[in-house]
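Listed below, chain by chain, are the residues.
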Amino acid sequence: MSLLLVMNACKVDLLDTTPYGQVTSQQYWRNGDDVVAATNAVYAPLLEEDGFAHTEYCFDNCSDDMHRAGDHSDETALELFTFDASNSHLLATWATKYEVISRANAVLINAPKVDMDETLRNRSMGEAYFLRGFVYWRLSLIYGEVPILLEEDAINLNFNKPKSSFEEVRAQAEADFLKAAELLPVSHAAAEAGRVTQGSANGFLAKLYVYNENWAKAIEYADKVIGNGAYTLAANFNENFELETENNPEVLFALQYETGWTADNSPAFYHTPQAYGGWGFHEPIEDLVEEFEEGDPRRAYSIYAPGDPVTRGSQGTEPFEADMTRVTGYAFRKYSAYTDAGDMSQSLNAPFLRVADVYLLAAEAKIRSGQNGDVELNMVRARAGLDPIAGATIEDIMHERRVELAGENERHQDLMRWDKGGILDISAHYSIDRGPYKPGRNFVKPKHYYFPLPQREVDLSNGVLVQNPNY
Amino acid sequence: MTIKGPTRKVTNRCFAKTIKLLFFYLMISPFSWANDPVNATALGYPEAILKEELAEETITGQVLDESNNPLPGVNILVVGTQRGTSTDASGKFSISVPESATTLRFSFIGYQSQDVPLSGLSTISISMKPDISALKEVVVVGYGTQEKEDVTGAVSSVKGSDFENLPTGGAQQALQGRAAGVNVVRNGGAPGDAGSIQIRGFGTVNNADPLVVIDGVPSGSMNDINPNDIASMEILKDASASAIYGTRAANGVILITTKRGGFDSPVKLTVNGYVGVTNRMKILDVLDAPTYASIKREAYSNDGLPIPSIWEDTQYQTQKTNWQDELLQQGTTQNYDASIRGGGKYSSFAISGGLYNEKGIIGKSNYKRYNLRINTDHKIGKRIKIGQNFQFTNSHNNAPNTTSSQTGLLWSAIRFHPGLPVKNDDGTYSSNKGIGAFGDINNPIYTVDVQDLDNVRNRFLGNFTGEVELAKGLKLKGNIATDATFANSRSFDVKVTDQFRSTSYNELNVSNSKTWSFLQEYFLNYDTNFDQHSLNLVGGYTSQTFNYEFAKQRGRDFASEEPSLRYMNYAGTIASLGNDNGGKSYDALQSFFGRVNYSFMDRYLVTATFRSDGSSKFAEGNRFGYFPAFSVGWRLSEENFVKNALPFVSNLKITGGWGRLGNQNVSSLQYLALINSSYRYAFGDGNPQNEISGAAQSKLPNTKIGWETAEMTNIGLEAGLWKNAVYFTLNYFIKDTKDMLLSPPSLGTIGTADIPDQNIGQLRNQGFEMEASYRKSIGDFSFNIGANAAFIKNRIVKLATPGAFLASQLYGRGQQEIVRSYEGNPYGTFYGYQTDGIYQNQTEIDSDPNLANDSRRTDGQIVAGDVRFVDLNGDGAITDQDRTILGSPQAKINYGVNAGMTYKGFDFNLFFVGVGGVSIYNADRMQGLDASYPFNLYAEAENRWHGEGTSNSVPRVSTLNANRNFRPSDLFVEKGDFLRLKNLTLGYTIPNSVLEKVKIAQARFYITGQNLITFTKYSGMNPELGYIGSTGGGSYRQLNVDYAQYPQARTWTLGATISF
C-alpha cells in the first residue's frame, strides 16, 4: 500500500499550482470591458495621499496662502525651503506618479490590439493620453527634468532612463494633451461623469501655453473650453465643493472620491479641521483671508473663519471657533462636506481644473499679450456677485486667481510663473514676514524653482539619474 | 522476562488496564487505589485485573554504584505491572509487590538495567554497572537518531528540563541564549510575541526562519507547543546536519521531540502549576507639564516667533498624569498543566493538557493558550512498530499596536500632554481635541479601554508513523501527517468622536482563514556492522502540500456599539476589501533524499547526504534543486596515542564538512504577471457616485526565478575531559547565501507594482561558536556551569548593481530614512549624518569649513545651538551626499551563561543572556527631543543647549528647526550591548522519605524570576527591540530601531510540580 501511495504521490502535477482568483496578463486584454477596466485603473493612483491627495497640496504650502499646520517635519522643511533631496514627499509621489504613467502605457500598448467598439477605444486611449500628459505636466512643474517613459520603454522594461530636458518633458505633456483632445468626447453620460473630456485636455493645454508664455495658443485653447456650451461656470461658486453638484459642467478634472470605496486619507481628511473629524492640515493664514474683497461670498465658501456658522448634518449649526484649528484660527472649507449624521464625508471630490481657472488663464494671456481681458475676468467676478473691472491689469488677475483658486494648488506655481515673467520678485515676496505662521522665508533663485529629484532614486539609478542643479 | 499466554492477549490486557487506570487516576484520588483495592473493586474493576495486587509483600533494599556509593534516584519497576518506585538519597528503597510478581527491574541513566528475579527474597541489594553505550548520548537527526559521538555535523541540543516551568509564552522564547549560534530575536515583549529565530546569523533578507520539525513533521510555529511537553530540541546548524531537509534547511533546522511514555514504565501523573506577576522594568523620563510649556515657549522665542497663548495658559501647566505610569500596569502569568505518561510491554502513551495565560503590562494585551497532546507507541509483533502524535492548540492573542511611529500606544503615552488628567471630572476621557497645539494623539488610556480585538487560532497537528523490519537491520518507515490551523480574527473599532484622531464611522473587521498541509514520507533505514565497519543508510521520498484560504469582511456604521451588537449582521454598510476579500493559494514540495553514515573502528567517520527538491514556487524548468552535503570526523580520543598521552581526555573529535542548502521561502507565483482587478475609483453625477473598479498589472513577472542556495563550510572540535565533566565544542563556519532572492533596486519609474524577486544577492555569515560546560559533585552538593557564545560577522557581498542598497521603511511623521543596507556591510545598517557637537557661537559657524560653501550659512539658517554636521564629501556644504553608515544592528557576539547547583533537596539556577558589539538607533529619542513636534518631550530636553557652553550633544529647541537638527545622525545611535539575568530559579524538592508516606513520587516547589537585572548603557526602554516593518515591495525589515516597542517586563512566579 505504501508503494501505491508513493506511485500516486510521484505524479508531477503535485507541483502545478494555480493563481486562484487572479488573472495573468496573458489572459487579459480580451475585450472592451478589459480595456475600460484598465483605463479606470489609470485614475486610481491619483487618489493616493502620495499621488495627488496630500503631497501636491504640501508643495503649495510653499505659497503665501497657508500654513502647513501638521506635525510632519518634512512639510515644515518644504514650507520653509530648508528641505533637501531626501525629503519624503519628493520620494513618495515619484513612484505613484510613474504608476499612472505605467498604467497609461499599458492601455496605449494594448487597446489598439483589442477587438472592441471604436468609440470606446478612442475614449479609453484619450483618457490614457490625458492622464499620462497630466502626470508629465505635474512632473515638469515639480521636478523640471525627469525621465520620460513611453510605450516602448514599458515593452522593453527600460525603466532606468536618464532624465529628459525640461523642454522635452513639457513637450511630452503637450503632445499627450493634444492626442487626448483629439480622441476624447465633449462629455459623458451622467453615470460616467468625472471621466476626462475634450474640455479637460484643452483646458490643461491653455494652462500649459500660459506657462510657456505662448499667448496665442493659450487663448486659442482656452476658447475651445469657454467657447463650448458644455463647459460653463456653475451658477454658484460653492456648487464646485458640494457633494450633490461636484461634477457640474464647470469641473473639468477632479479627483473622484466615494467614501468607503476609494482610498481614505483624501484631501477632505487632510483639510477638514480636527474638530470636525479631519486632520486639519493646510490652514489659511490671515494674509489670504484679507485678500478677499468686502462682500466676496467666496471667502466664506472657501475658508472657515471664527464666527462662521457651520452646518453639519443632523448635528445642526454651530459657529466656527479659532481653537478648532491647529494654529492659525482658519481652515479651508472647500474640501469639507458632511454626512447626514454630521460626520466628515470622504466622498467629496477635489478639483484640479475648473472652467473659472480657464477664464482667468484666458484673461491673463490676453492682458500679458497686450489685449483686453476684462470679459473673461468679469465672468468669474460676476459669478461671485462682484462688480466688474474695466481695463483689468495683471495685478487684477493675480488678485482674482488668489481668491478664486485659494487652496486649489495653484498659488505657488502662479507666483513662480509671474516671477519668471518678470512680474514680481518671488524672493522678495517670500521674504516678507506674514506673521507667526508665515515668517519671511529664503527662496533661492534658481534653485527653488524646482524641487530636487528624490535622492534615493538618484542613488538607486547607479549614476543614470542626475540630480537637479543646486541640490 | 516472563510472558504468560499469547502475546496478543497480554498486549490487550496491558493496554486496557493502562487506560482504565489512567481513567481512575483522573477521576479518583490518586492515593486510594494502591491502598484500598477493595474500593477499586467496588468501582467495578474486574477481579482478574486486580488479582495480582491483592496479595502483597514488601521488598526493601539498597542500590550502590560501581564504587559502592549509594545511588539515589534509581527507578525500580515490578516487571509486568505499573508499579514502581525509586531509591532515596541513601540509595534505599522499599516497594510492595504482588505475590504474582517475579522480577524487579532497576534502571538508571548511564547504567545498565538489571532484572533481579524475586524468588522469595524480601531484601535486595545490588550494585549497578555503568553502561558505556548508554553514556553515549543520542541525538535526534533528520529521519533518525545518531550517537552524539558519531555526529560529524554541527548540532546543538537543548533539553526540555533546561527551560521547564520558566514563565515563557512558548518554546521559541525559551530557546533564547541556550545554544551557540542560535539567536532568538525578541520583537519587544508583547504576550504571545514569539520573536524570530536566527541560526548562524542573518541568513537571508527573505524569510530567514529555520525549519521547525515537530516529532518528524516539518511545520510552522513552535510556539504552539507547551514548553513543558518538550523532551529535547536539536538544532541542526551546518549543512551536513541539515541537508537532509535540503529545501528548507538553508536557515537551519530545529527538531523538536516531545515527551513520550516509555515501554515498561510506571504510569506517572505529573501536575504542574505556576502563577506570577509581571511588572515594567523602566519608564522613560519625560517633561512635566510646567517644564514642557516653558521649553515650548523657549522654542518659539528661539525662532523669534510670538508665543501662542496656549503655552502661557496656566490651566495646562499643572502636572497631572504620567501617561507611562498609567499605561504600564501590572500583568499576570499563569500556567497549569498535567500529564500522564507511562506504558506497558506493548503500548506506551503520553497525554498532557495545559493552560497558559499571560496578561501583559500594556492595556488589554493578553495571550492565552490551551494545549492538548496525545502521543502513543505500539509494538505489533516483533517487527512492526506504529506510533501516533497529536497536538491541539487553541490560542487567543490580542496585542495592541506598539510599533507605529504615528499612533503606537507607548509612543502616545510618552508624548501625550502631562497636564491632562486620564479622565475629566465629568468622567469623560481627556483629549487634545480642540487643542490642536498639543498634537494629534489620542488619550492612550482611552485607546486601551475601547480596544476590542481577538485573534484566535485553532491548530491540529497530527501524524502517524509506522515501521516494519523487513530484514535484519533493514526497516521501512512511513510518516503521514496533517497540520491544520483555523484562524479567526475580529476587531471592532468604535467611532471616535471626542479625541483628536476621530473617525466618522465605527467598523468591524472579521477574517477567517484556514491553512492546512499534508505530508507523506516513506523511507528505508539500513544498519549493519561488519568487522570494524559500521554503516547506516537512509533514503526515501517525501512530499508536502500547503493550502491556504481566507475570507475577510468589513462592516461599518453600526447604529449602536453595544457589545452584543458588534456582529456583522448588525452593520449598517458592508465595505468591500477588494483583493483582501478573500483568496486561496496552493504550494507543494516533492523530494527524494538519502544519507550514508559510515564509521571505521569507531573513530573515522563519514556522512554524506543528498536531497533533490521540487518546489511549486518556481516555474517549470526551475523547479528542482539539488542539495549535496558531506562531512568527515576523526575521534582522536579512540586512538591509542591519545589515550596514552592524555588519559584525562574522555572524548576528542574533529570534524569538517561542506554542503549546499536551499531556501524557497518566498512569495508564490512570482513567475506570473498578475493582474489586480480591485483598483478603485468613482464616477457619476450626484451623491453617492458609482463605485468603479479598475484592473492593472500588480506584479512584474520573473520567469527565471529559482532556488536561493546557501553553501556552508563547517570545522568543528569537540572535547570531553575527565569523563566529560568538562565539555567543550568549538565550530568555525562560513555560510554563503547565493542567488539570494532580492527585489532589484525598485526604481520609482517602475511605478508601484510589486517587483519580482531575482536570484541576484549574496550574503556571507562567518564566525565561531563555542559551548562549554563543567559539572562537579562534592557530597550532597553538585553544580554545573555552561556557557555558549557565537561570534558572527554578517556581510552583504553582492546586491543587484554595484553601489545599490536595500531600502527600508521611513520613520515617523517626518518620514525619515534611517536604514540602508549596502554591499560590503552588514544587513540593516543605520544611515545618516555624522555630527561633531553643537555650534556654541556664531564665530564657530562662520569659520566652519563644513559650511564653507553652504548657502544655509549665509542665509542665516544656522545659529548657535544647532548641530554641526560633518561635510564628508568635502564640498563645503551639508547635503544628502554627506550621509554615511553610522552603525550596525548585527551583534558581534551573542552569548548565554547557565549556572546551576543542587544541595540535598534544593536546586538553584541562574541564566544570563547577552549581546555585545551592537548598535541601536534610538528613533524615539530622536523625535522625543525635537520641539518642532507639538508633543511632550524627553526629560533629556532639559539638558538642551540654551547658551554658550550649556550642551555639546542636545541641540537647542526650535519650532522651525531650519538646520534640521533632528535628521537621522550619529547623535541617536547608541550602544545596544546588554547582559540580562534572564532567569533565576530556586527550587526545593521534598525528600522521598517524606513523600512516601503520602504516596507522592515527587514534589518540588520553586520560585522563578525573569528579566531580573539588565546591565546596559542603552538609554531607551529596552535594548531587545528585534525586527520591525516588513519585507516586500522593495522594502526590507529593520533591526534594532527603537519605535517605543512593547517593552519586556520583569516576572516573578511561584510554582509547584507534583508527580504521583
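Residues numbered from 1 in each chain as written. Chains lettered and ligands numbered in written order. Predicted model: local features only at pLDDT ≥ 70, side-chain atom pairs only at ≥ 80, totals over all residues. Heavy atoms only, no water.

Asker: I keep staring at the overall build of chain B and nothing clicks. Help me out?
Answerer: Helices and strands together make up the secondary structure of chain B, namely 16 helices and 52 strands. For chain B, the C-alpha radius of gyration of 33 Å lies close to 31 Å, the compact-globule estimate for 1060 residues. Its C-alpha atoms put chain B at 105 × 65 × 65 Å along the principal axes. Nonlocal contacts in chain B, meaning residues at least 24 apart in sequence, comprise 70% of its contacts between residues at least 6 apart. Within chain B, the 100 negative side-chain charges are centred at a point lying 7 Å from the centre of the 98 positive side-chain charges. (Helix = DSSP H or I, 4+ residues; strand = E, 2+ residues; numbered from the N terminus. Rg over C-alpha atoms; globule rule 2.2 N^0.38 Å. Contact = heavy atoms within 4.5 Å. Lys, Arg positive; Asp, Glu negative; His and termini not counted. Charge placed at Lys NZ, Arg CZ, Asp CG, Glu CD.)

Asker: Sorry if this is basic, but what is going on with the UniProt feature "domain: SusD-like N-terminal" (unreviewed entry) in chain A here?
Answerer: In the numbering used here, UniProt assigns the feature "domain: SusD-like N-terminal" (unreviewed entry) to residues 31–209 of chain A. Between the end C-alpha atoms of residues 31–209 of chain A the distance is 37 Å, and the span holds 63% helix and 1% strand. (UniProt positions renumbered as here; feature names shortened; annotations may be inferred.)

Asker: Looking at this structure, how should I read the interface of chain B and chain A?
Answerer: You'll often see interface size given as the accessible area lost when the parts meet. Taken residue by residue, the interface counts 97 residues in chain B and 96 residues in chain A. Around 8300 Å² of area is buried between chain B and chain A when both sides are counted, 54% of it from carbon and sulfur atoms. Ranking the residues of chain B by area buried against chain A places Tyr681(B), Phe683(B) and Thr749(B) at the top, with a combined share of 9%. For the interface between chain B and chain A, the tally reads 7 salt bridges. Note that Lys495(B) is salt-bridged to Asp343(A), the shortest N-O span being 2.6 Å. Our enumeration of links across chain B and chain A arrives at 41 residue pairs in polar contact (both at pLDDT 80 or more). Ranked by residues supplied to the side of chain B that touches chain A, first place goes to strand S32 (residues 690–697) of chain B with 8 residues. Here 2 bridges tie strand S1 (residues 23–24) of chain A to strand S31 (residues 674–683) of chain B, and the two strands are oriented antiparallel to one another. (Buried area = accessible area lost by both parts, 1.4 Å probe. Salt bridge = Lys/Arg side-chain N within 4 Å of Asp/Glu carboxyl O. Polar contact = N/O pair within 3.5 Å; in protein donor to acceptor, adjacent residues only side chain to side chain. Pairing = 2+ DSSP bridges.)

Asker: Could you clarify how one ought to interpret helix H10 (residues 198–211) of chain A in this entry?
Answerer: Given 3.6 residues per helical turn, the α-helix brings residues three or four places apart onto the same face. Compared with the 20 Å implied by 1.5 Å per residue over 14 residues, the 20 Å span of H10(A) between its first and last C-alpha is a close match. Of the residues flanking the end of H10(A), it is Glu213(A), one or two places downstream, whose phi is positive at about 55 degrees. (Expected span 1.5 Å × (residues − 1).)

Asker: Explanation requested: the sheet that holds strand S16 (residues 253–258) of chain B in the structure shown.
Answerer: Two orientations exist for strands paired in a sheet by backbone hydrogen bonds: parallel and antiparallel. Residue and element names in this part refer to chain B. Sheet architecture is open: 5 strands sit in the order S10-S15-S16-S13-S14, paired in mixed fashion. The open sheet has two free edges, formed respectively by strand S10 (155–159) and strand S14 (217–219), since each of these has just one partner strand. Pairwise comparison of adjacent strand axes, ignoring direction, gives a mean angle of 25 degrees for this sheet. Where strand S13 (residues 211–214) lies against S16, 4 bridges are found, and the strand directions are parallel. By the bridge assignment for S16, Val212 is matched with Ile254. (Axes fitted to C-alpha atoms, helices over the stretch in contact; angles between N-to-C directions.)

Asker: Explanation requested: the sheet that holds strand S1 (residues 56–64) of chain B in the structure shown.
Answerer: Residue and element names in this part refer to chain B. The strand order S4-S1-S7 describes an open sheet built from 3 strands, whose pairing is mixed. Of all strands in the sheet, those bounded by a partner on one side alone are strand S4 (92–98) and strand S7 (123–127). Mean inter-strand twist for the sheet, computed between neighbouring axes without regard to direction, equals 25 degrees. Looking at chain direction, S1 and S7 are connected through 5 bridges and run parallel. Looking at the pairing, Leu64 lines up with Ser127 of S7.

Asker: Sorry, what's going on with the environment of Met712(B) here?
Answerer: All names here are of chain B. Along the chain, Met712 turns up in strand S33 (residues 708–721). Considered as a pair, Met712 and Gln553 are 159 residues apart in the sequence and their alpha carbons are 46 Å apart. With sequence-adjacent residues up to four places away left out, Met712 is seen in contact with Arg200, Lys237, Asp238, Ala239, Gly657, Trp658, Gly659, Leu661, Ile734 and Lys735.

Asker: Before we go on, may I ask you to explain helix H16 (residues 374–383) of chain A in this structure?
Answerer: All names here are of chain A. A large share of H16 lies buried, amounting to 7 of its 10 residues. Of the positions making up H16, those classed as buried are Asp374, Glu376, Leu377, Asn378, Val380, Arg381 and Arg383. For H16, the elements touching its buried residues are helix H11 (215–226), helix H14 (298–302), strand S9 (350–354), helix H15 (355–368) and helix H17 (394–404). A positive backbone phi angle near 80 degrees is found at Gly385, which sits one or two residues after H16. (Buried < 20%, exposed > 50% of the residue type's maximum accessible area, 1.4 Å probe, protein only.)

Asker: It is not clear to me how the domain arrangement of chain A should be interpreted in this structure. Could you clarify?
Answerer: Residue and element names in this part refer to chain A. One can read the domain layout of chain A as domain 1 (25–184 + 409–470), domain 2 (213–256 + 351–407) and domain 3 (267–348). Here the C-alpha centroids of domain 2 and domain 3 sit 24 Å apart. Between domain 2 and domain 3, the contact holds 20 residues from the first and 21 residues from the second. If you sort the residues of domain 2 by the area they bury against domain 3, Phe241, Leu243 and Arg402 come out on top, with a joint share of 30%. Here domain 2 is connected to domain 3 by 5 salt bridges. Taking the shortest distance from any N to any O, the salt bridge between Glu293 and Arg381 comes out at 2.8 Å. At the junction of domain 2 and domain 3, the tally comes to 10 residue pairs in polar contact (both at pLDDT 80 or more). Residue assignment for the side of domain 2 that touches domain 3 shows that the elements contributing at least two residues are H16 and H17. It is H17 that contributes the most residues to the side of domain 2 that touches domain 3, 5 residues altogether. In the side of domain 2 that touches domain 3, the residues fall into 10 nonpolar, 3 polar and 7 charged. (Domains from an automatic or database assignment. Nonpolar A, V, L, I, M, F, W, Y, C, P; charged D, E, K, R; others polar.)

Asker: Hey, could you run me through the nonpolar core in this one?
Answerer: Soluble globular proteins: nonpolar side chains tend toward being buried together. Residue and element names in this part refer to chain A. If you look at the biggest cluster of nonpolar residues, it comprises 134 residues, and the most contacted ones within it are Leu46, Phe130, Phe134, Trp137, Phe177 and Phe253. If you tally residues by element for this core, the top one is helix H7 (residues 118–142), at 12 residues. Beyond its immediate sequence surroundings of up to four residues, Phe177 is in contact with Phe130, Gly133, Phe134, Trp137, Ala201, Phe204, Leu205 and Leu208. (Core = buried A, V, L, I, M, F, W, Y, C linked by side-chain atoms within 4.5 Å.)

Asker: I tried to follow the state of the cysteines on my own but got confused; where do I start?
Answerer: Linking two cysteines covalently through their sulfur atoms gives a disulfide. Evaluation of the coordinates by the stated rule reveals 0 disulfides over all chains. Just so you know, Cys58(A) is unpaired, no disulfide at all, and the nearest cysteine sulfur is the one on Cys62(A), 9.3 Å from it. (Disulfide = S-S within 2.5 Å.)

Asker: Honestly, the packing of H17(A) against helix H18 (residues 411–420) of chain A in this entry has me stumped. Any pointers?
Answerer: Between two packed helices, what matters for the description is the angle formed by their axes and the separation of those axes. Residues and elements named next belong to chain A. As a packed pair, H17 and H18 sit with axes 10 Å apart at the nearest point and diverge in direction by 165 degrees. As the angle between them shows, H17 and H18 are arranged roughly antiparallel. Note that H17 runs across H18; the crossing there is left-handed. Within the contact between the two elements, H17 uses Ile394, Met398, Arg401 and Arg402 and H18 uses Arg411, Asp414, Arg417 and Trp418. When the residues that make up the contact of H17 with H18 are grouped by side-chain class, the tally is 3 nonpolar, no polar and 5 charged. (Parallel < 35°, antiparallel > 145°, perpendicular 65-115°, else oblique. Left-handed = near helix turned anticlockwise from the far one by under 90°.)

Asker: I would appreciate a short explanation of the packing of aromatic side chains in the present structure.
Answerer: One pair of aromatic rings is described through two measures. These are the centre distance and the angle between the planes. Counted under the stated rule, the structure contains 75 aromatic pairs over all chains. Here Tyr270(A) and Phe281(A) contribute two aromatic rings whose centre-to-centre distance is 5.2 Å and whose plane-to-plane angle is 80 degrees, an arrangement assigned as edge-to-face. Taken together, the positions of Tyr270(A) in helix H12 (residues 267–271) and Phe281(A) in the loop between H12 and strand S4 (283–284) put the pair 11 residues apart, joining distant regions of the chain. Per residue, the accessibility class of Tyr270(A) equals that of Phe281(A), and both read buried. Three or more aromatic residues link up through ring pairs in this structure, and these residues are Phe52(A), Tyr57(A), Phe130(A), Phe134(A), Phe177(A), Phe204(A), Phe253(A), Tyr335(A) and Phe352(A). Against the face of Tyr211(A) rests Arg417(A), its NZ or CZ located 4.8 Å from the ring centre. Against the face of Phe978(B) rests Arg980(B), its NZ or CZ located 5.5 Å from the ring centre. (Phe/Tyr/Trp six-rings, centres within 6.5 Å; stacked < 30°, edge-to-face > 60°. Lys NZ or Arg CZ within 6 Å of the ring centre and 35° of its normal.)

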